[in-house]
Amino acid sequence: MQDCNYQQTRLTHVGRDISVSAGFVNVPVCRGSTILADNLEQWAQRKEPDNPYASYGRFTNPTLQALTQAVAELEGGFQASLFPSGLAACTHALLGMLEVGDHLLIPDSVYGPVRAFAQQVLASRMGIQVQFYEPSLGDGMASLIRPNTKVVYVESPGSATFEIQDIPAIARCAHAVGAYVLLDNTWATPLFFQPFEHGVDVSIQAATKYLTGHSDALLGIATANERAWPLLRRAAHDFGQTAGPDDAFLALRGMRTLGVRLRQHQASALQIACFLENHPQVQRVLHPALESHPGHAIWKRDFTGSTGLFGLVLEPLNEAQLSCFFRTLRLFGIGLSWGGFESLALPMDMPKRNGKALFGGGQLLRLHVGLEEPQHLQQDLEQALDAAYALNTPRSTSGLRLVAQQA
C-alpha cells in the first residue's frame, strides 16, 4: 500500500507535463474542437488502430489528457476516461462491461441513482440480470456468483448507510469467474484507498466532489486496469462521452490541495463524530473510523484515512422538530453533493433491508464536515439539537447566540 504522505507529495507534480503546459505551473485551458494537420501524411499518422477520429478535440486535448494522466497515476491504474458527471462515469463504466444476458451483482447500499439505473435501464430495458447483495458478504460473495456473472459493483463506504465492504475478498470471488470489479471510490479518493492494490478493475470517482473540492464543477472520472481499459474506452467513445476543459482545469487545480483539504476534513469530521457519539439525542454515528462502527476493522486494514462525510441516527423527531433543527442551523447548509469547503446537512430516508428499517426508528441524517473551525460546527449542531428536542418545552437561545457570535 502506498504511503499517504507520498501520495500527497505526488499531487503537486502529477499531470504537469512542461512540454504540454509551455512552462506554466498549471496546464492552460485548451478550448477547441478542430485540430488541424499540416499535411495529409500527418493526418494519417494521427489515426489510431481503433479510433480513426483520434485527431479531434474530444480525444486530443492537453487539459483533459493532463487530468486523466494525473488521476490514473494517483489511483495506480492503466488509463482513465472523463465524463460530464460522476453518475455518467458510473453508468458508462457499467455499460462498457455488460452485455445482454450478463449477471450484475450490486450492493444494497449503492448510491441511489446507480440503483435506479440498474433497475430501470439495465434490468428493464437491456436484459441484464441485476441482483442486489448484502454489502457485508465478503467471501460469501462466492455463493452468489453465476457462470454469467460479468460485473461485481462495490461502494465502500456505502451511500447513506456507510457500510464497509471487504473488497479484496469480493475481488477474489469475482476474478475466479473472470468477472470485473467496479468500485465507486469517491468517498476515500486515491489518497485514502488504492483501488488496484485491492483487486479493483475499474475505479470511479465523482470528481465533482473532493477532487475538485470547491463545489464549482460537475465531472466524473473512471480509471481502469489494462484488462478493463479497452471496454471502458470503447463505452466512452461509443456514447460520445467527454468533459469540458474548464471543468478539467478546475479539477486539476483542486487536486493540488487535495491532501491538505482531506487532512482537515478528516480531523474535523472525527472530532464532530466523537462529539455526536456521546450526545444523548444521537442513537448511533455511522463513521467507519470510529471503533464502534461494525466495519471498522476492515476500514483500518484497507484504508489510510477517512474523509468529511458520515451519517448519524437521531432519536425520533416529529416533522416540526426536524424542521426546527434545520432552520436553527447556522453553519450547515441543506444541499446535495458534498466534498467542497462548505459544511452540509441532509435528512435521509431510512433504508430498509429485508422489510425492516436498517437502523431502527430514528431519523437518519448525512453530514459533510467542511473546512470551518470544528468547534464552531460542534456548537452549531449542539444548539440546533437542543432547539429541536426542546420545541415543546421552554428553551434557551444562549447556544444560538454563542455560535452566531463566534461564527
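Each value, and the rule that gives it
- Residues numbered from 1 in each chain as written.
- Predicted model: local features only at pLDDT ≥ 70, side-chain atom pairs only at ≥ 80, totals over all residues.
- Heavy atoms only, no water.
- UniProt positions renumbered as here; feature names shortened; annotations may be inferred.
- Bend = angle between axes of the 7 residues up to and from the residue.
- Helix = DSSP H or I, 4+ residues; strand = E, 2+ residues; numbered from the N terminus.
- Contact = heavy atoms within 4.5 Å.
- Pairing = 2+ DSSP bridges.
- Axes fitted to C-alpha atoms, helices over the stretch in contact; angles between N-to-C directions.
- Buried < 20%, exposed > 50% of the residue type's maximum accessible area, 1.4 Å probe, protein only.
- Parallel < 35°, antiparallel > 145°, perpendicular 65-115°, else oblique.
- Left-handed = near helix turned anticlockwise from the far one by under 90°.
- Nonpolar A, V, L, I, M, F, W, Y, C, P; charged D, E, K, R; others polar.

- An unreviewed UniProt entry lists the protein chain under the name Cystathionine beta-lyase, with Alcaligenes nematophilus given as the organism.
- As its UniProt record puts it under Sequence similarities (unreviewed entry), the protein chain is described as follows: "Belongs to the trans-sulfuration enzymes family."

1. Observations concerning helix α6 (residues 112-126)
Note that an α-helix has 3.6 residues per turn; residues three or four places apart therefore point the same way.
At step 1: Its maximal kink placed at A118, α6 deviates by approximately 30 degrees.
At step 2: Looking at the packing, one finds that the buried side of α6 touches α5 (86-97), β2 (103-107), β3 (129-133) and β4 (149-155).
At step 3: After α6 finishes, the residue G127 shows a positive phi value of roughly 70 degrees.

2. What about the sheet that holds strand β13 (residues 363-368)?
At step 1: Read across the open sheet, the 4 strands follow the order β8-β9-β13-β10; overall the sheet is antiparallel. Each edge of the open sheet is held by one strand with a lone partner, namely β8 (282-286) and β10 (344-348). Between one strand and the next, the sheet's axes are offset by a mean angle of 25 degrees, whatever the strand orientation.
At step 2: The sheet contact formed by β8 and strand β9 (residues 309-314) spans 4 bridges and is antiparallel. Looking across to β9, one finds that R284 is bridged to V313.

3. Here we look at the pairing of β13
At step 1: Burial of β13 is extensive: 6 of the 6 residues sit out of reach of the surface.
At step 2: Where burial is concerned, the two faces of β13 agree: the one with Q363, L365 and L367 and the one with L364, R366 and H368 are both buried.
At step 3: Across 6 bridges, β9 lies against β13 in antiparallel orientation. By the bridge assignment, L312 is partnered in β13 with L365.

4. What to know about the packing of helix α13 (residues 319-328) against helix α14 (residues 374-389)
At step 1: At a closest axis distance of 8 Å, the pairing of α13 and α14 adopts a crossing angle of 150 degrees. The angle between α13 and α14 places the two elements in the roughly antiparallel class. When the axes of α13 and α14 are compared, the crossing they make is right-handed. Counted together, Q321, C324, F325 and T328 of α13 and D380, L381, Q383, A384, L385, A387, A388 and Y389 of α14 form the full contact between these two elements.
At step 2: Taken together, the residues that form the contact of α13 with α14 break down as 8 nonpolar, 3 polar and 1 charged.

5. Observations regarding the packing of α5 against helix α9 (residues 229-238)
At step 1: Following both chains from N to C, one finds α5 and α9 inclined at 115 degrees, their axes separated by 8 Å at the closest point. Every pair of crossing elements has a handedness; the one defined by α5 and α9 is right-handed. Here H92, A93, G96 and M97 of α5 come into contact with α9, specifically with L231, L232 and A235.
At step 2: Across the contact of α5 with α9, the residue classes break down as 5 nonpolar, 2 polar and no charged.

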